[in-house]
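So you can see what is in the structure, the chains are spelled out below.
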Amino acid sequence: MTDIKQLFSFEGKVIIITGAAGAIGGAAGHLFAYLGANVVISDLNEEGAKKVAADIEKESGKATLGIKTDATVETDLEILVGETLKKFGKISGLINNVGWGANTPIWGSNSDKMVKSYLLNTVGAYNLTRMCMPHLEIEDNASVVFSGSMVGVTPSPEFIEYSTAKAGLMNMVRSMAVVSGPKVRFNTVLIGSVDNGDSTLAAGYTKEMLEALSNMFVMKRRGAPIEIAYGMMFLMSDAARWITGIDLRIDGGGTYKSKMPTGDSH
Ligand SMILES: NC(=O)c1ccc[n+]([C@@H]2O[C@H](COP(=O)([O-])OP(=O)(O)OC[C@H]3O[C@@H](n4cnc5c(N)ncnc54)[C@H](O)[C@@H]3O)[C@@H](O)[C@H]2O)c1
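Counting starts from 1 at the beginning of each chain's written sequence and moves along it residue by residue. Only residues with pLDDT of at least 70 are given local features in this predicted model, and only at 80 or more are side-chain atom pairs given and counted; all residues enter the totals for whole chains, interfaces and linings. Side-chain measures here rest on the full set of heavy atoms in the structure, leaving out hydrogens and waters.

Considerations on the site of the ligand
Residues in contact with the ligand amount to 27 residues; listed here are only the nearest, D43, N97, Y162, V194 and S199. What qualifies as a polar contact is a pair of N or O atoms within 3.5 Å, subject to a donor-acceptor requirement within protein and to the restriction that residues adjacent in sequence count only when both atoms come from side chains. G22 is positioned such that a nitrogen or oxygen atom in its backbone is 3.2 Å from an oxygen atom of the ligand. At a separation of 2.8 Å, a nitrogen atom of the ligand approaches a polar backbone atom of A71. Strands are runs of DSSP state E lasting at least two residues, helices are runs of H or I lasting at least four, and both sets are numbered from the N terminus onward. Tallying contributions element by element places strand β5 (residues 142–149) first for the shell around the ligand, with 3 residues. As a working rule, the residues Ala, Val, Leu, Ile, Met, Phe, Trp, Tyr, Cys and Pro are called nonpolar, Asp, Glu, Lys and Arg charged, and the rest polar, with Gly in that last group. Tallied by class, the residues present in the shell around the ligand amount to 11 nonpolar, 13 polar and 3 charged. Here a residue is considered near a molecule or strand provided that any single heavy atom belonging to it is located within 4 Å of it.

Focus on the pattern of salt bridges
Salt bridges are counted wherever a side-chain nitrogen of Lys or Arg sits within 4 Å of a carboxyl oxygen of Asp or Glu. Throughout the structure, instances matching the rule amount to 12 salt bridges. The residue K90 makes a salt bridge to E139 at a minimum N-O spacing of 4.0 Å. Note that K90 is positioned in the loop between α4 (74–88) and β4 (93–96) and E139 in the loop between α5 (111–136) and β5, a separation of 49 residues in sequence. Burial classes follow relative accessibility: with a 1.4 Å probe on protein chains only, a residue under 20% of its type's maximum area counts as buried, one over 50% as exposed, and anything between as partly exposed. K90 gets classed as partly exposed once you look at its relative accessible area, which sits at 28%. Judged by its relative accessible area of 18%, E139 falls in the buried class.

Regarding the packing of helix α2 (residues 23–34) against helix α9 (residues 225–236)
Inter-axis angles, ranging from 0 to 180 degrees, are taken between N-to-C directions of lines fitted to C-alpha atoms, where helices are fitted over the stretch in contact. Taken N-terminus to C-terminus, the directions of α2 and α9 make an angle of 55°; their axes are 8 Å apart at the nearest point. Here α9 runs oblique to α2, going by the angle between their axes. The two elements α2 and α9 meet at a crossing, and its hand is right-handed. Of the residues in α9, those touching α2 at A23, I24, A27, A28, L31 and F32 are P225, I226, I228, A229, Y230, M232, M233 and M236. Roughly parallel here means an angle under 35 degrees, roughly antiparallel means over 145, roughly perpendicular means 65 to 115, and every remaining angle is called oblique. Throughout, a crossing is termed right-handed when the near helix is turned clockwise from the far one, and left-handed when it is turned anticlockwise from it by less than a right angle. By definition, residues are in contact when any of their heavy atoms lie within 4.5 Å.

Points about the pairing of strand β1 (residues 14–18)
Burial analysis of β1 places 5 of its 5 residues in the buried class, the great majority of the element. Side chains of β1 alternate between two faces, with V14, I16 and T18 and I15 and I17 buried alike. Two strands are counted as paired when DSSP detects at least two bridges linking them. As judged from the 5 bridges shared by β1 and strand β2 (residues 38–43), these two strands associate in the parallel manner. Counterpart to I17 in the pairing with β2 is I41. Crossover handedness for the path β1 to α2 to β2: right-handed. Two strands pair when backbone bridges link them, and β1 and β4 are joined in this way by 3 bridges, in the parallel orientation. Of the residues in β4, the one forming a bridge with I16 is L94. By convention, a crossover is right-handed whenever its connection, traced from the first strand over the helix to the second and viewed with the strands pointing away, goes clockwise.

A word on α2
An ideal rise of 1.5 Å per residue puts 16 Å on 12 residues; α2 measures up with 17 Å between its terminal C-alpha atoms. Within α2, 9 of the 12 residues are buried, leaving the element largely enclosed by the surrounding structure. Lining the buried residues of α2 we find β1, β2, α3 (46–60), β4, β6 (184–191) and α9. To estimate the expected span of a helix, count its residues, drop one, and scale the result by 1.5 Å.

Concerning the environment of L201
Structurally, L201 is set in helix α7 (residues 198–202). Residues L201 and A102 lie 99 residues apart in sequence; the distance between their C-alpha atoms is 9.7 Å. Residues in contact with L201, not counting those within four places in the same chain, are T206, K207 and L210.

Here it is in structure tokens:
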């Protein structure tokens, strides 16, 4: 019988997580370190990244690296890869988790806003993955996971910049998957609405809007960050060795039932 615990051991692995001072990336950092990995906590928020890394190190006893990275700046991404190799000597896995999008009326966008969202939600993940590829290809069961969104697969006019960029991200992942096997696996977690504290409120939602949204989910609540991290864990693990190019939907049963509310009239 297969040793199930061994399938979910990340001992000896080095995993870079972007946007990891935030809710989902931070939860993933704690989980992978608990399972034995050395995690690199990368975020634009330097103080946040360093604090999350220090907390994880204290909790798990595993060495971590907390580093400031602007995912939209190529030189920052080069530094992230370089510092990871300098400290840990290898890259076994990558979680492209950075992303954010404001609630906007569909005709309220323009080139600048569209391109900025694309750079943050899609292009940064492309660049970092490209830089990590030579290091991933030489690792056993190397895996890259991306944070997708349910708004990337349903018409989402209230999120036109973000939903368009996330849709692009998800098809980019499929393209990466078909050319990178069998050496490196690529998958997306397709995320429903997750409680990330003030971040969604800053995107233009009120508590009342989020409560109404929760009631539309089959599971009658928003997700917890760790519930997304569990899916990331599965996709990165040895249990998923034959899985590449998929979108793993973790959305409380909400993608086809719910509609993100909008604060502006279209
Ligand atoms: N929370 C949700 O409801 C939800 C739903 C669907 C998809 N997602 C996706 O999941 C991922 C994580 O979301 P979260 O809820 O943890 O968000 P969060 O807002 O809690 O965390 C995002 C982190 O990204 C960082 N960041 C922002 N711009 C950056 C940049 N240019 N470079 C580097 N870091 C930057 C922020 O400082 C923050 O720490 C994102 O890709 C998001 O789009 C979240």
